[in-house]
Amino acid sequence: MATTATMKSVRTGAKNEVEVVSAERPVPGPKDVVVRIRACGICGTDTFFVQAGGTPYNADGSVEPLLLGHEPAGEIAELGAEVTGLKVGDRVVVNPQGVPSGIIGCGGAHGGMSEYLLLEEAELGRTLAVFPDTVPFAVAALNEPMAVARHCVNRSGARPTDKVVVFGAGPIGLGVTIWLKLRGVGHVVVADVIPERLETALAVGADAVIHSGTEDVTARLTALHGEAANALGQPRAGTDIYIDAAGVAAVFNTTVDAAKWGAKLVMVAVQKPSEAIDLGGMLRSELTLVASQGYPTEIFEVTAELAEHQERFARLISHRVPFAEVARAFELALTPGAAEKVVVTYDDEA
């Protein structure tokens, strides 16, 4: 009797813990692809599920274990007879929202932090994209979060003449910074409270940085971007676009206090509920609030440029942790200030 091949996958365990479980290795149907995962990033969404002990979205309030990982990169191990445009060995990144069984690693039937990943009804350019073998798998695994960052920049409508500030120098905020500079935006400032993050922001192309914990943000922005006025004629910074990649009330209120007439605030971070947000203050500048969610079209729009500028994007990765130490990888990701971007790798080549 043939032995069923197995693989290891990572799922949520008890609150703040992960489990490595065994499962059957997937077999592709005629239209499917099986990807051997070589690297997978850990996202804030992953840590949210781990902290909750699973998915908290059941109607009855119950929590169930959840397969983790929606930032995978790997190579095609098997493909169905009806799949076209792809071959075994192709190095690929994945659209987590491009399969019929639910979002990969976010409540769907499959998780990207597995040794093998089944992509049902696989289609080049919709479900997955090929990247060159000159790009390390760990860097390719940034494709999904960098698509989030790209959509934010697209939503901002930033022009070369605009002056922009990005609040939050985590992976998304730094990705936004890179895309803004590649877009030709003339002056981009990054604000954060962690000095090491600000150093990284300068390394990836920010024109200036602000330590928002010790500096007067409005005064610094005025010095950097010139003086303008709000709708009441009160002096304000000349900043055109504010980007919230931090998700805290202080960013919103700082923007309201600093914004000139007609400025724009783009919210890409998940806002934590707060009664401290001064919505009424938006009237003083006729501030436009723009929300940015996911990547409606950008998931593979970024792939070629990620490869072209891979050295710059690689600076976003603070830790590459072997799959055998995945519990340590999540411990790093769950500990405030311990890591910036953690990528789980499956071999030395990643």
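Report on the accompanying structure. All figures in this text were calculated on a predicted structure; none of them were measured in a lab.

Some points on the packing of helix 3 (residues 143-156) against helix 4 (residues 171-182)
To characterise two packed helices, one gives the angle between the axes of the helices and the distance between these axes. It is the contact of helix 3 with helix 4, at a shortest axis distance of 8 Å, that shows an interaxial angle of 55 degrees. Considering their axes alone, helix 3 and helix 4 lie oblique with respect to each other. Considering how the two elements wind past one another, helix 3 and helix 4 form a crossing that is right-handed. Contacts from Pro-145, Met-146, Val-148, Ala-149, Arg-150, Cys-152 and Val-153 in helix 3 reach Pro-171, Ile-172, Gly-175, Val-176, Trp-179 and Leu-180 in helix 4.

A closer look at empty space enclosed by the protein
For the coordinates displayed, the defined rule picks out 1 cavity of 30 Å³ or more. There is about 40 Å³ of room inside the largest cavity. As for the largest cavity, its lining consists of Val-93, Phe-131, Val-135, Ala-140, Asn-143, Thr-303, Leu-306 and Ala-307. Top contributing element to the lining of the largest cavity by residue count: helix 8 (residues 303-308), with 3 residues. Taken together, the residues that form the lining of the largest cavity break down as 6 nonpolar, 2 polar and no charged.

Notes on the packing of helix 1 (residues 44-52) against helix 10 (residues 326-334)
Relative to each other, helix 1 and helix 10 sit at 100 degrees, their axes nearing to 10 Å. Accordingly, the angle class assigned to the pair helix 1 and helix 10 is roughly perpendicular. Facing Asp-46, Thr-47, Val-50 and Gln-51 of helix 1, the residues of helix 10 in contact are Phe-330, Ala-333 and Leu-334. Looking at side-chain class alone, the contact of helix 1 with helix 10 contains 4 nonpolar, 2 polar and 1 charged residues.

Brief notes about helix 5 (residues 195-203)
For helix 5, the complete set of buried residues consists of Leu-198, Thr-200 and Ala-201. Burial along helix 5 is one-sided: seen end-on, the buried residues are contained in an arc of 155 degrees. Two residues or fewer past helix 5, Gly-205 is found with a positive phi of approximately 125 degrees.

Observations concerning the nonpolar core
In terms of nonpolar packing, the biggest core is built from 51 residues, with Val-166, Val-176, Leu-180, Val-190 and Ile-243 touching the most fellow members. When contributions to this core are tallied by element, the ones reaching two or more residues are helix 2 (137-140), helix 3, strand 8 (163-167), helix 4, strand 9 (187-192), helix 5, strand 13 (241-244) and helix 8. If we ignore the near neighbours within four places in the chain, the residues touching Val-166 are Gly-173, Val-176, Thr-177, Leu-180, Val-188, Val-189, Val-190, Ala-191, Ile-243 and Ala-245. Counting residues in hydrophobic clusters, the runner-up holds 33 residues, among them Val-33, Val-92, Val-99 and Phe-330.

Things to note about the packing of aromatic side chains
Tallied over the entire structure, the rule returns 4 aromatic pairs. Look at Trp-179 and Phe-313: their rings are 5.0 Å apart centre to centre, the planes differ by 50 degrees, and that puts the pair in the tilted class. Here Phe-313 lies in helix 9 (residues 310-314) and Trp-179 lies in helix 4, a separation of 134 residues in the sequence. Pair check on accessibility: Trp-179 and Phe-313 agree, each one buried. Where Phe-323 meets Tyr-346, the ring centres are 4.7 Å apart and the plane angle is 20 degrees; that geometry is what we call stacked. With Phe-323 in the loop between strand 16 (319-322) and helix 10 and Tyr-346 in the segment after strand 17 (342-345), the pair connects residues that are 23 residues apart, well separated along the chain. Exposure class is identical for Phe-323 and Tyr-346. Each is buried.

So, the pairing of strand 3 (residues 33-41)
Across the 9 residues of strand 3, 8 count as buried, placing the element largely inside the fold. As judged from the 7 bridges shared by strand 3 and strand 4 (residues 72-79), these two strands associate in the antiparallel manner. For Arg-36, the partnering residue across the bridge sits in strand 4 and is Glu-75. As paired elements, strand 3 and strand 6 (residues 116-119) share 4 bridges and run antiparallel to each other. Bridge pairing in strand 6 links Val-35 to Leu-117. Sheet analysis places strand 3 next to strand 17, joined by 3 bridges and oriented antiparallel. Opposite Cys-40, over in strand 17, you have Val-344 as the bridge partner.

Observations concerning the sheet that holds strand 10 (residues 208-211)
A sheet is described by the order of its strands in space; here 6 strands give the open sequence 10-9-8-13-14-15, paired in parallel fashion. The open sheet has two edge strands, strand 10 and strand 15 (288-291), and neither has a second partner. Adjacent strand axes in the sheet meet at a mean angle of 20 degrees, parallel and antiparallel pairs treated alike. As judged from the 4 bridges shared by strand 8 and strand 13, these two strands associate in the parallel manner. Note on strand 13: the bridge partner recorded for Val-165 is Tyr-242. Sheet strands in contact with helix 3 are strand 13, strand 14 (264-267) and strand 15, and its direction is about 155 degrees off that of strand 14. Docked against the sheet, helix 5 engages strand 9 and strand 10, running at close to 170 degrees with respect to strand 10.

Some remarks on the pairing of strand 1 (residues 6-12)
Strand direction decides the pairing type here: strand 1 and strand 2 (residues 18-24), joined by 7 bridges, are antiparallel. Paired with Ser-9 across the two strands is Val-21, which belongs to strand 2. With antiparallel pairing between neighbouring strands as the criterion, strand 1 and strand 2 make up a hairpin whose turn holds 5 residues, including Asn-16 at a positive phi of roughly 70 degrees.

Considering the pattern of salt bridges
Tallying each qualifying case throughout the model produces 20 salt bridges. Taking the shortest distance from any N to any O, the salt bridge between Glu-340 and Arg-197 comes out at 2.4 Å. Of the two residues, Glu-340 sits in the loop between helix 10 and strand 17 while Arg-197 sits in helix 5, which places them 143 residues apart along the sequence. On the basis of relative accessibility, which here comes to 26%, the residue Glu-340 falls in the partly exposed class. When salt bridges that share partners are traced, they join Arg-36, Arg-38, Glu-75 and Asp-347 into one network.

Conventions and cut-offs
Residues numbered from 1 in each chain as written. Predicted model: local features only at pLDDT ≥ 70, side-chain atom pairs only at ≥ 80, totals over all residues. Heavy atoms only, no water. Axes fitted to C-alpha atoms, helices over the stretch in contact; angles between N-to-C directions. Helix = DSSP H or I, 4+ residues; strand = E, 2+ residues; numbered from the N terminus. Parallel < 35°, antiparallel > 145°, perpendicular 65-115°, else oblique. Left-handed = near helix turned anticlockwise from the far one by under 90°. Contact = heavy atoms within 4.5 Å. 1 Å grid on protein atoms, 1.4 Å probe; cavity = no way out; pocket = protein on both sides within 12 Å on 5 of 7 lines; lining within 4 Å. Points joined across faces, edges and corners; volume = space filled by probe spheres on them. Nonpolar A, V, L, I, M, F, W, Y, C, P; charged D, E, K, R; others polar. Buried < 20%, exposed > 50% of the residue type's maximum accessible area, 1.4 Å probe, protein only. Arc of directions from axis to C-beta. Core = buried A, V, L, I, M, F, W, Y, C linked by side-chain atoms within 4.5 Å. Phe/Tyr/Trp six-rings, centres within 6.5 Å; stacked < 30°, edge-to-face > 60°. Pairing = 2+ DSSP bridges. Salt bridge = Lys/Arg side-chain N within 4 Å of Asp/Glu carboxyl O.

Read these as geometric descriptors, not functional statements.
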